[in-house]
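Report on the structure
Letter by letter, the chains look like this.
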Amino acid sequence: MANELVFDSKLHSEKNLAWWLYLCHAASLLFSLGALSWIPLIVNYVKRQDAADSFVYSHHNWQIRSFWWYLLWMFVGGALFLTVIGIPLAFVVWGLAWLWKAYRLIKGLIDLNDNKAMPA
C-alpha cells in the first residue's frame, strides 16, 4: 500500500492563517498583556467561516473563546483592584489569567501543527 501525499492549498492557507493569528495573539499577550488581541480577534471572526469544513475552524473558535474568557478575567481582576483588600487578589487573578491564556495559545499551536482539531 503506497502512501500518497495530497497537498490541499486551501487547507494549507487556512492553517497558515491560523498559525499567524496564534502568533499575533501571543505577541499581544507578551507586549500589551492582551490589550491588542482585538486585532487578530477581528480576523478570527472574519476568516472563521472560510475554514468551516476543516479542523482549522475549531482553532478559530479556540482563539475567540480564549480572548473573551481572558477579557472577562481581566475585568474581574480590575473590579478586585478597585477595593483595597482585593488588590493582592487582583494580581493573582491577572497572573493566572495570563498563564491560562499562554497555555491555550501554546496548546493551540501544538495541535494546529499536529493537524488536530481543538475540543469544542
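Residues numbered from 1 in each chain as written. Predicted model: local features only at pLDDT ≥ 70, side-chain atom pairs only at ≥ 80, totals over all residues. Heavy atoms only, no water.

Re the pattern of salt bridges
Tallying each qualifying case throughout the model produces three salt bridges. Between Glu 14 and Lys 10 there is a salt bridge; the shortest N-O distance is 2.3 Å. Highlighted residues: Glu 14 and Lys 10, both in helix α1 (residues 9–32), separated by four residues, approximately one helical turn. (Salt bridge = Lys/Arg side-chain N within 4 Å of Asp/Glu carboxyl O. Helix = DSSP H or I, 4+ residues; strand = E, 2+ residues; numbered from the N terminus.)

Comments concerning the packing of aromatic side chains
A complete count under the given rule lists five aromatic pairs for this structure. Relative to Trp 20, the ring of Trp 19 has its centre 4.9 Å away and its plane inclined at 85°; by these criteria the two rings are edge-to-face. Residues Phe 91 and Trp 94 carry aromatic rings whose centres are separated by 5.4 Å and whose planes lie at 85° to one another, so their mutual orientation is edge-to-face. Placement of the pair is Phe 91 and Trp 94 together in helix α4 (residues 87–113), with a separation of three residues, close to one helical turn. (Phe/Tyr/Trp six-rings, centres within 6.5 Å; stacked < 30°, edge-to-face > 60°.)

A closer look at a nonpolar patch on the surface
Nonpolar side chains collect at one region of the surface, where Leu 36, Trp 38, Ile 39, Ile 42 and Val 46 lie side by side and expose about 490 Å² of accessible area between them. Looking at where Leu 36 falls in the secondary structure, it is placed in the loop between α1 and α2 (38–47). (Patch = residues over 30% accessible without salt bridge, like charges linked within 9 Å, V, L, I, M, F, W, Y side chains within 5 Å. Areas by Shrake-Rupley, 256 points an atom, 1.4 Å probe, with all protein chains shown as cover.)

Let's talk about the UniProt feature "transmembrane region" (unreviewed entry) in the chain
When the UniProt feature table is mapped to this numbering, "transmembrane region" (unreviewed entry) covers residues 20–46 and 67–100. Between the C-alpha atoms that bound residues 20–46 there is a distance of 15 Å. The span itself is 81% helix and 0% strand. Annotated as residues 67–100, this span is 85% helix and 0% strand, and its ends, taken at the C-alpha atoms, are 11 Å apart. (UniProt positions renumbered as here; feature names shortened; annotations may be inferred.)

Here we look at the packing of α2 against helix α3 (residues 56–81)
Each pair of packed helices can be summarised by the angle the axes make with each other and by the distance between the axes. It is at 10 Å that the axes of α2 and α3 come closest, and there the two elements cross at 140°. One finds that α2 runs oblique with respect to α3. The handedness of the crossing between α2 and α3 comes out as left-handed. Contacts between α2 and α3 involve Trp 38, Leu 41, Asn 44, Tyr 45 and Lys 47 on the former and, on the latter, His 60, Gln 63, Ile 64, Phe 67 and Trp 68. Tallied by class, the residues present in the contact of α2 with α3 amount to six nonpolar, three polar and one charged. (Axes fitted to C-alpha atoms, helices over the stretch in contact; angles between N-to-C directions. Parallel < 35°, antiparallel > 145°, perpendicular 65-115°, else oblique. Left-handed = near helix turned anticlockwise from the far one by under 90°. Contact = heavy atoms within 4.5 Å. Nonpolar A, V, L, I, M, F, W, Y, C, P; charged D, E, K, R; others polar.)

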